[in-house]
Amino acid sequence: RYVERTLGASVSQLAGDCLAFTTRYRLSEATLDWRFPEATGSGSTANERSVLQQLQLEARFNHPCGAFATFTSTWNHQSNSDPGLPGDDFWQHDIWLGYRLLQRRAEISVGVLNLTAQDYRLHPLNLYADTYRDRTLALRARFAF
């Protein structure tokens, strides 16, 4: 039996014509109760619990000409009930630079993800967006018709 409860909050603030700041927080608790009666005559059971906290801080600059930059820092902290899986506590930082054109219908950007090349060991019991384990260069093109 798997159950995950999640609580999230987000606050965004414009600061002038070109700057925007966003803070997001997410708390997730996942529990897994499983039983294998076939394993032994009396049955084998286990209960696992994992708590994941995520805090994301983002600063965004949008220039009227179409240029933009985004800096994001994400803190992850996970604690697990299993002593063999100690959890993890780490920060990851991403930066994107780009340009929007054709009345914002097209966007070209380049980003460096996981600037500090921070590896992590999160227990997969919690659902989370997989992030990069090494410093990664990303190129992105978006089009809207």
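Here, the structure is the one placed above.
These remarks concern the structure in this document. (Residues numbered from 1 in each chain as written. Predicted model: local features only at pLDDT ≥ 70, side-chain atom pairs only at ≥ 80, totals over all residues. Heavy atoms only, no water.)

Attention now goes to the layout of surface pockets. In this approach a probe as big as a water molecule rolls over the atoms, and the regions it shows empty are the leftover space. Taken as a whole, the largest pocket holds about 310 Å³ of empty space. When residues of the lining of the largest pocket are traced back to their parent elements, those giving at least two are strand 2 (19-36), strand 3 (44-62), strand 4 (67-80) and strand 5 (88-101). Residues of the lining of the largest pocket, tallied by class, amount to 6 nonpolar, 7 polar and 3 charged. Approximately 160 Å³ is the volume found for the second largest pocket. Taken together, Gln92, Asp94, Trp96, Leu113, Asn114, Asp130, Thr131, Tyr132 and Ala138 form the lining of the second largest pocket. Counting residues per element, the lining of the second largest pocket draws most heavily on strand 5, which supplies 3 residues. (1 Å grid on protein atoms, 1.4 Å probe; cavity = no way out; pocket = protein on both sides within 12 Å on 5 of 7 lines; lining within 4 Å. Points joined across faces, edges and corners; volume = space filled by probe spheres on them. Helix = DSSP H or I, 4+ residues; strand = E, 2+ residues; numbered from the N terminus. Nonpolar A, V, L, I, M, F, W, Y, C, P; charged D, E, K, R; others polar.)

Under the defined criterion, the tally for this structure stands at 1 aromatic pair. Centre to centre, the rings of Phe90 and Tyr120 are 5.1 Å apart; their planes meet at 10 degrees, and the pair counts as stacked. Placement of Phe90 in strand 5 and of Tyr120 in the loop between strand 6 (106-113) and strand 7 (136-143) is noted, with a sequence separation of 30 residues between them. Residue Phe90 shares its accessibility class with Tyr120, and that shared class is buried. Sitting above the plane of the Phe68 ring, Arg100 keeps its charged end 4.1 Å from the centroid. Across from the ring centre of Trp96, 3.9 Å away, lies the NZ or CZ of Arg140, which sits over that ring. (Phe/Tyr/Trp six-rings, centres within 6.5 Å; stacked < 30°, edge-to-face > 60°. Buried < 20%, exposed > 50% of the residue type's maximum accessible area, 1.4 Å probe, protein only. Lys NZ or Arg CZ within 6 Å of the ring centre and 35° of its normal.)

With respect to the helices, strands and loops of the structure, Asn80 is situated in strand 4. Placed 42 residues apart in sequence, Asn80 and Leu122 show a C-alpha to C-alpha distance of 9.5 Å. The contacts of Asn80, once residues within four sequence positions are left out, are Arg49, Ser50, Leu85, Pro86, Gly87 and His123. Within the structure, Asn80 has its side chain in polar contact with the side chain of Ser50 (distance 2.6 Å). (Contact = heavy atoms within 4.5 Å. Polar contact = N/O pair within 3.5 Å; in protein donor to acceptor, adjacent residues only side chain to side chain.)

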